[in-house]
Amino acid sequence: MSAIEVIAFDADDTLWHTEQMFQDVQNRLYAMMATYASKDEVAAHFHDMEVKNVRLFGYGVKGFTLSMIESAIEISAGQVSAADIHEIVMLGKRILDAPLNIFPAVETVLQTFKDDYRLLLITKGDVLDQRNKIEKSGLETYFERTLVVQEKDVATYRALFAEHGIDPQRLIMVGNSLKSDVLPILDLGGSAVHIPYHVTAHFENVVGRINHPGFFELTKIADFPELMKSL
Ligand SMILES: [Mg+2]
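Residues numbered from 1 in each chain as written. Predicted model: local features only at pLDDT ≥ 70, side-chain atom pairs only at ≥ 80, totals over all residues. Heavy atoms only, no water.

**Things to note about the coordination of the magnesium ion**
Consideration 1: Taken together, Asp 10 (OD), Asp 12 (O) and Asn 176 (OD1) make up the protein donors of the magnesium ion, found 2.1 to 2.2 Å from the metal.
Consideration 2: Donor residues for the magnesium ion sit on one chain with the sequence pattern D-x1-D-x163-N. Of this pair, Asp 12 sits in the loop between β1 (6-9) and α1 (19-32) while Asn 176 sits in the loop between β4 (171-175) and α8 (178-187), and the two are 164 residues apart along the sequence.
Consideration 3: On the accessibility criterion, Asp 12 (16% relative accessible area) is buried.
Consideration 4: Judged by relative accessible area, which is 10%, Asn 176 ranks as buried. (Donors = N, O, S within 2.8 Å, 3.2 Å for Na, K, Ca; no water. Helix = DSSP H or I, 4+ residues; strand = E, 2+ residues; numbered from the N terminus. Buried < 20%, exposed > 50% of the residue type's maximum accessible area, 1.4 Å probe, protein only.)

Written out as C-alpha coordinates, the structure reads:
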(Lines give C-alpha, C1' and ligand atoms only; values in the text may rest on other atoms or scores of the structure.)
Protein backbone atom coordinates (compact mmCIF):
# COMPACT_ATOMS: atom_id res chain seq x y z
CA MET A 1 0.00 0.00 0.00
CA SER A 2 1.38 3.32 -1.06
CA ALA A 3 2.18 5.91 1.61
CA ILE A 4 1.15 8.66 -0.79
CA GLU A 5 -1.73 10.84 0.38
CA VAL A 6 -1.34 13.92 -1.79
CA ILE A 7 -1.00 14.13 -5.57
CA ALA A 8 0.08 17.50 -6.94
CA PHE A 9 -0.22 18.29 -10.63
CA ASP A 10 1.53 20.96 -12.65
CA ALA A 11 -0.86 22.56 -15.17
CA ASP A 12 0.86 24.01 -18.29
CA ASP A 13 2.08 21.24 -20.60
CA THR A 14 1.08 18.64 -18.00
CA LEU A 15 -2.72 18.92 -18.08
CA TRP A 16 -2.99 21.09 -21.19
CA HIS A 17 -0.89 22.39 -24.11
CA THR A 18 0.91 25.71 -23.58
CA GLU A 19 4.52 25.89 -24.71
CA GLN A 20 3.83 25.10 -28.37
CA MET A 21 1.86 28.37 -28.64
CA PHE A 22 4.83 30.32 -27.25
CA GLN A 23 7.19 28.60 -29.70
CA ASP A 24 4.89 29.40 -32.63
CA VAL A 25 4.85 33.08 -31.68
CA GLN A 26 8.65 33.12 -31.29
CA ASN A 27 8.95 31.71 -34.81
CA ARG A 28 6.91 34.66 -36.04
CA LEU A 29 9.35 37.01 -34.26
CA TYR A 30 12.30 35.33 -36.02
CA ALA A 31 10.59 35.88 -39.38
CA MET A 32 9.79 39.50 -38.53
CA MET A 33 13.45 40.17 -37.61
CA ALA A 34 14.93 38.28 -40.57
CA THR A 35 16.13 41.47 -42.28
CA TYR A 36 18.12 42.48 -39.19
CA ALA A 37 19.57 39.24 -37.80
CA SER A 38 19.69 35.46 -38.23
CA LYS A 39 17.18 33.21 -36.49
CA ASP A 40 19.84 32.01 -34.03
CA GLU A 41 20.86 35.57 -33.18
CA VAL A 42 17.25 36.63 -32.61
CA ALA A 43 16.57 33.52 -30.51
CA ALA A 44 19.65 34.11 -28.34
CA HIS A 45 18.82 37.79 -27.87
CA PHE A 46 15.21 37.06 -26.97
CA HIS A 47 16.12 34.25 -24.54
CA ASP A 48 18.57 36.52 -22.71
CA MET A 49 15.90 39.22 -22.60
CA GLU A 50 13.34 36.83 -21.10
CA VAL A 51 15.76 35.62 -18.42
CA LYS A 52 16.71 39.20 -17.56
CA ASN A 53 13.07 40.34 -17.43
CA VAL A 54 11.51 37.42 -15.58
CA ARG A 55 12.56 38.81 -12.22
CA LEU A 56 10.62 42.00 -13.00
CA PHE A 57 7.67 40.66 -14.99
CA GLY A 58 7.42 37.10 -13.64
CA TYR A 59 6.52 34.17 -15.91
CA GLY A 60 3.61 34.46 -18.29
CA VAL A 61 2.30 35.89 -21.53
CA LYS A 62 2.49 39.57 -20.56
CA GLY A 63 6.19 39.40 -19.70
CA PHE A 64 6.81 37.27 -22.79
CA THR A 65 5.11 39.87 -25.02
CA LEU A 66 6.99 42.80 -23.48
CA SER A 67 10.28 40.93 -23.87
CA MET A 68 9.52 40.31 -27.54
CA ILE A 69 8.84 44.01 -28.09
CA GLU A 70 12.02 45.02 -26.27
CA SER A 71 14.05 42.49 -28.27
CA ALA A 72 12.52 43.59 -31.57
CA ILE A 73 13.40 47.22 -30.84
CA GLU A 74 16.98 46.39 -29.83
CA ILE A 75 17.66 43.94 -32.67
CA SER A 76 16.33 46.39 -35.26
CA ALA A 77 18.18 49.29 -33.60
CA GLY A 78 14.88 51.11 -33.28
CA GLN A 79 13.78 50.46 -36.87
CA VAL A 80 10.97 47.96 -36.16
CA SER A 81 7.66 49.38 -37.35
CA ALA A 82 4.65 50.21 -35.21
CA ALA A 83 2.74 47.68 -37.33
CA ASP A 84 5.18 44.94 -36.32
CA ILE A 85 4.97 45.92 -32.64
CA HIS A 86 1.20 45.85 -32.96
CA GLU A 87 1.40 42.36 -34.41
CA ILE A 88 3.56 41.21 -31.46
CA VAL A 89 0.96 42.54 -29.02
CA MET A 90 -1.81 40.77 -30.97
CA LEU A 91 0.15 37.49 -30.95
CA GLY A 92 0.46 37.76 -27.16
CA LYS A 93 -3.24 38.47 -26.80
CA ARG A 94 -4.03 35.50 -28.99
CA ILE A 95 -2.18 33.21 -26.55
CA LEU A 96 -4.16 34.65 -23.63
CA ASP A 97 -7.41 34.16 -25.51
CA ALA A 98 -6.70 30.74 -27.01
CA PRO A 99 -9.07 27.89 -26.24
CA LEU A 100 -7.64 25.44 -23.73
CA ASN A 101 -6.43 22.21 -25.29
CA ILE A 102 -6.51 19.60 -22.52
CA PHE A 103 -4.53 16.36 -22.95
CA PRO A 104 -6.47 13.15 -23.47
CA ALA A 105 -7.24 11.14 -20.30
CA VAL A 106 -6.64 14.05 -17.89
CA GLU A 107 -10.18 14.06 -16.56
CA THR A 108 -10.24 10.25 -16.26
CA VAL A 109 -6.99 10.34 -14.31
CA LEU A 110 -8.30 13.01 -11.90
CA GLN A 111 -11.53 11.05 -11.51
CA THR A 112 -9.52 7.94 -10.60
CA PHE A 113 -7.84 9.63 -7.65
CA LYS A 114 -10.23 12.29 -6.42
CA ASP A 115 -11.95 10.23 -3.71
CA ASP A 116 -8.86 8.61 -2.20
CA TYR A 117 -6.22 11.33 -2.38
CA ARG A 118 -5.85 15.04 -1.74
CA LEU A 119 -5.36 16.55 -5.19
CA LEU A 120 -3.55 19.85 -5.68
CA LEU A 121 -2.85 21.88 -8.78
CA ILE A 122 0.33 23.94 -8.52
CA THR A 123 1.16 26.26 -11.39
CA LYS A 124 3.46 29.24 -11.79
CA GLY A 125 2.95 32.36 -13.81
CA ASP A 126 0.72 35.36 -14.15
CA VAL A 127 -2.14 35.03 -11.65
CA LEU A 128 -4.90 36.32 -13.95
CA ASP A 129 -3.77 34.20 -16.92
CA GLN A 130 -3.34 31.05 -14.83
CA ARG A 131 -6.69 31.56 -13.07
CA ASN A 132 -8.41 32.05 -16.45
CA LYS A 133 -6.95 28.79 -17.73
CA ILE A 134 -7.96 26.89 -14.59
CA GLU A 135 -11.49 28.22 -15.00
CA LYS A 136 -11.59 27.41 -18.72
CA SER A 137 -10.39 23.86 -17.98
CA GLY A 138 -13.51 23.02 -15.97
CA LEU A 139 -11.25 20.79 -13.82
CA GLU A 140 -11.18 22.92 -10.68
CA THR A 141 -13.72 20.76 -8.83
CA TYR A 142 -11.29 17.83 -8.80
CA PHE A 143 -8.76 19.72 -6.71
CA GLU A 144 -8.70 20.50 -3.01
CA ARG A 145 -6.72 23.62 -3.93
CA THR A 146 -5.46 25.26 -7.12
CA LEU A 147 -2.39 27.35 -6.36
CA VAL A 148 -0.64 29.93 -8.53
CA VAL A 149 2.92 30.71 -7.43
CA GLN A 150 5.62 33.03 -8.78
CA GLU A 151 8.42 30.47 -8.76
CA LYS A 152 8.52 26.72 -8.23
CA ASP A 153 11.59 26.26 -6.08
CA VAL A 154 12.36 24.50 -2.80
CA ALA A 155 11.54 27.56 -0.67
CA THR A 156 8.14 28.06 -2.33
CA TYR A 157 7.16 24.40 -2.06
CA ARG A 158 8.36 24.16 1.54
CA ALA A 159 6.24 27.16 2.56
CA LEU A 160 3.25 25.90 0.62
CA PHE A 161 3.39 22.40 2.13
CA ALA A 162 3.74 23.85 5.64
CA GLU A 163 0.74 26.11 5.03
CA HIS A 164 -1.44 23.24 3.84
CA GLY A 165 -0.25 20.65 6.37
CA ILE A 166 1.42 18.40 3.79
CA ASP A 167 4.25 16.01 4.58
CA PRO A 168 6.35 15.95 1.36
CA GLN A 169 7.16 12.29 1.99
CA ARG A 170 3.48 11.56 1.42
CA LEU A 171 3.31 13.61 -1.76
CA ILE A 172 3.89 12.83 -5.41
CA MET A 173 4.14 15.63 -7.97
CA VAL A 174 3.36 15.15 -11.66
CA GLY A 175 4.78 17.61 -14.16
CA ASN A 176 6.59 18.28 -17.42
CA SER A 177 9.46 20.35 -16.00
CA LEU A 178 12.42 18.73 -14.27
CA LYS A 179 13.51 22.11 -12.91
CA SER A 180 10.12 23.19 -11.54
CA ASP A 181 8.10 20.03 -10.89
CA VAL A 182 10.68 17.36 -10.12
CA LEU A 183 14.01 18.48 -8.63
CA PRO A 184 12.65 20.70 -5.79
CA ILE A 185 10.14 18.00 -4.79
CA LEU A 186 12.84 15.31 -4.64
CA ASP A 187 14.98 17.73 -2.61
CA LEU A 188 12.18 18.00 -0.05
CA GLY A 189 11.86 14.21 0.26
CA GLY A 190 8.84 13.80 -2.00
CA SER A 191 8.32 11.73 -5.12
CA ALA A 192 7.95 13.11 -8.63
CA VAL A 193 6.80 11.92 -12.03
CA HIS A 194 8.28 13.58 -15.09
CA ILE A 195 6.10 13.55 -18.19
CA PRO A 196 8.07 15.46 -20.84
CA TYR A 197 6.26 17.71 -23.31
CA HIS A 198 7.60 17.74 -26.87
CA VAL A 199 9.02 21.25 -26.40
CA THR A 200 10.52 22.80 -23.26
CA ALA A 201 10.93 26.50 -22.51
CA HIS A 202 14.65 27.35 -22.52
CA PHE A 203 14.50 28.57 -18.91
CA GLU A 204 13.16 25.17 -17.77
CA ASN A 205 15.99 23.14 -19.27
CA VAL A 206 18.01 20.89 -16.96
CA VAL A 207 21.20 19.08 -17.93
CA GLY A 208 22.08 15.65 -16.58
CA ARG A 209 20.31 12.49 -15.54
CA ILE A 210 18.28 12.03 -12.37
CA ASN A 211 18.96 8.99 -10.26
CA HIS A 212 16.64 8.99 -7.26
CA PRO A 213 14.33 6.34 -5.76
CA GLY A 214 11.41 8.78 -5.77
CA PHE A 215 11.80 9.72 -9.45
CA PHE A 216 9.63 8.27 -12.20
CA GLU A 217 9.24 9.04 -15.87
CA LEU A 218 6.20 8.49 -18.09
CA THR A 219 5.42 9.37 -21.70
CA LYS A 220 1.78 10.29 -21.05
CA ILE A 221 -0.47 11.14 -18.13
CA ALA A 222 -2.84 8.29 -19.02
CA ASP A 223 -0.19 5.89 -17.64
CA PHE A 224 -0.08 7.55 -14.21
CA PRO A 225 -2.79 5.40 -12.51
CA GLU A 226 -0.85 2.25 -13.46
CA LEU A 227 2.32 3.71 -11.96
CA MET A 228 0.48 4.58 -8.73
CA LYS A 229 -0.65 0.94 -8.40
CA SER A 230 3.00 -0.15 -8.44
CA LEU A 231 4.09 2.20 -5.63
MG1 LIG B 1 4.45 22.85 -16.92
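Picking up where we left off.
**Some details on the packing of α1 against helix α4 (residues 82-97)**
Consideration 1: The N-to-C vectors of α1 and α4 enclose an angle of 170 degrees; their axes lie 10 Å apart at closest approach. One finds that α1 runs roughly antiparallel with respect to α4. Mapping the contact onto sequence places Met 21, Phe 22, Val 25, Arg 28, Leu 29 and Met 32 in α1 and Asp 84, Glu 87, Ile 88, Leu 91 and Ile 95 in α4.
Consideration 2: Its residues assigned to classes, the contact of α1 with α4 shows 8 nonpolar, no polar and 3 charged. (Axes fitted to C-alpha atoms, helices over the stretch in contact; angles between N-to-C directions. Parallel < 35°, antiparallel > 145°, perpendicular 65-115°, else oblique. Contact = heavy atoms within 4.5 Å. Nonpolar A, V, L, I, M, F, W, Y, C, P; charged D, E, K, R; others polar.)

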